[in-house]
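Chains, contacts and geometry: an overview
What follows is each chain in one-letter form.
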Amino acid sequence: MVGRFFRGLFILILILAIAGGIAIAFLADPDVRAVELEAQYATPPSQFVILPSGARVHYRNQGSRSGPTLVLLHGSNASLHTWEPWVAQIGDAFHMVSVDLPGHGLTGPVPGDDYSQEAMAKFVAEFATAIGVERFALAGNSMGGGVAARFALIHPERLTHLILVDAGGIQTKTPRDPGLAFTLARTPVIQYLMLYVTPRNLFEEALKKAFVDDALVTPDMVDRYWKLTRREGNRAASLKRFQLPYDTVLQDNMGKIATPTLILWGDQDTLTPRDMGEAYNAAIKGSKLVVYKNVGHIPMEEVAEQSARAVRDFLTPASSPTTPP
């Protein structure tokens, strides 16, 4: 009986291996060389900096150099381009620094291959120091929001303000509907296939899941997500990240965040549902929660004007809360 079970298991594994091999052979989406992508997506004002750790980081330094500094962290499988609508809206008043996080965009994989929330928070500290920014406001969307909140726990002395935009990093009581791409990325065995097969239509479906207004999901946007995810090394980095166990540090300690905090959320977000924003708001003393109706996971693009106005009001000294020394 036991021998029959193992024979059946072996046959199943063999069938899956053959099917995977066929899929890779006929459906493979090859890596895209970094030099090709930089020619397309690292046009001015893009810059690169080499960190002491050896990471080569893609970032943009925009807006008013005399204004308060706002550092911007994108979400999972996104890039710094997601913040351009805010730069257009409030760059007149603030020094806007956006960055491609490790394993993403044109930064790509980093030495050490650590893509945990803690490692990304340390990366932000190292990056900010490398470009001469010591104290700043920090905003993050989705995965980047979780990294921003973790940074606030580790380096509160470096922050003036914290802005969480549909932030991840904590648990939800609401059933999630992240879409097929994120579901496959977390599915054992199948996730290895995505090292080689990542169809463009998966990205289109995921983006339309993230936006309520599908008209905002343009072919150029889909192409950018699809190509940058396939930058050499990025898919392997994503696999490592999706295989990490759930980190409870932020969940257990978010009530210790003392930085003045603004929380922006789309009420139709199915990836990081609204109750996560409410949980952050309940835990962080003195925080303010703003919920946008009929908006999804990426308010800084879907309602750029309204969300940027909330940020302007929050960061303007006359209306912002007193920051801790």
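Let me begin by describing the structure that accompanies this report. (Residues numbered from 1 in each chain as written. Predicted model: local features only at pLDDT ≥ 70, side-chain atom pairs only at ≥ 80, totals over all residues. Heavy atoms only, no water.)

1. Overview of the sheet that holds strand 2 (residues 56-63)
- Taken together, 8 strands build an open sheet; the order of strands is 1-2-4-3-5-6-7-8 and the sheet is mixed. With one partner strand each, in any of the chains shown, strand 1 (46-50) and strand 8 (288-292) form the two edges of the open sheet. Pairs of neighbouring strands in the sheet enclose a mean axial angle of 20°, with direction left out of account.
- Here 5 bridges tie strand 7 (residues 261-266) to strand 8, and the two strands are oriented parallel to one another. Note on strand 8: the bridge partner recorded for Gly266 is Tyr292.
- Packed on one face of the sheet, helix 12 (residues 274-283) meets strand 6 (159-167), strand 7 and strand 8 and runs near 165° to strand 7.
- Packed onto the sheet, helix 14 (residues 304-315) meets strand 3 (69-73), strand 5 (136-142), strand 6, strand 7 and strand 8 and runs at close to 170° relative to strand 7. (Pairing = 2+ DSSP bridges. Helix = DSSP H or I, 4+ residues; strand = E, 2+ residues; numbered from the N terminus. Axes fitted to C-alpha atoms, helices over the stretch in contact; angles between N-to-C directions. Contact = heavy atoms within 4.5 Å.)

2. Section: the packing of aromatic side chains
- Summed over the entire model, instances satisfying the criterion amount to 4 aromatic pairs.
- When the ring of Trp83 is compared with that of Trp86, the centres are 5.1 Å apart and the planes differ by 50°; the resulting orientation is tilted.
- The class for Trp86 is buried, based on a relative accessible area of 0%.
- Their ring planes at 5° and their centres at 6.4 Å tell us that Phe123 and Phe127 sit as a pair that is stacked. With a gap of 4 residues between them, Phe123 and Phe127 both fall in helix 4 (residues 117-130), about one helical turn apart.
- The class for Phe127 is buried, based on a relative accessible area of 1%.
- Pairwise contacts between aromatic rings join Tyr59, Phe123 and Phe127 into one cluster.
- The ring of Phe48 has Arg56 sitting right over it, with the charged end atom 3.9 Å from the ring centre.
- Arg241 extends its terminal NZ or CZ atom over the ring of Phe242, reaching a point 4.8 Å from the ring centre. (Phe/Tyr/Trp six-rings, centres within 6.5 Å; stacked < 30°, edge-to-face > 60°. Buried < 20%, exposed > 50% of the residue type's maximum accessible area, 1.4 Å probe, protein only. Lys NZ or Arg CZ within 6 Å of the ring centre and 35° of its normal.)

3. Focus: the pattern of salt bridges
- Under the criterion given, the structure shown has 13 salt bridges.
- Residue Glu36 pairs with Arg33 through a salt bridge whose shortest N-O separation is 3.0 Å.
- Assessed through its relative accessible area of 42%, Glu36 is described here as partly exposed.
- The salt bridge partner of Arg60 is Glu84, with a shortest N-O separation of 3.3 Å. (Salt bridge = Lys/Arg side-chain N within 4 Å of Asp/Glu carboxyl O.)

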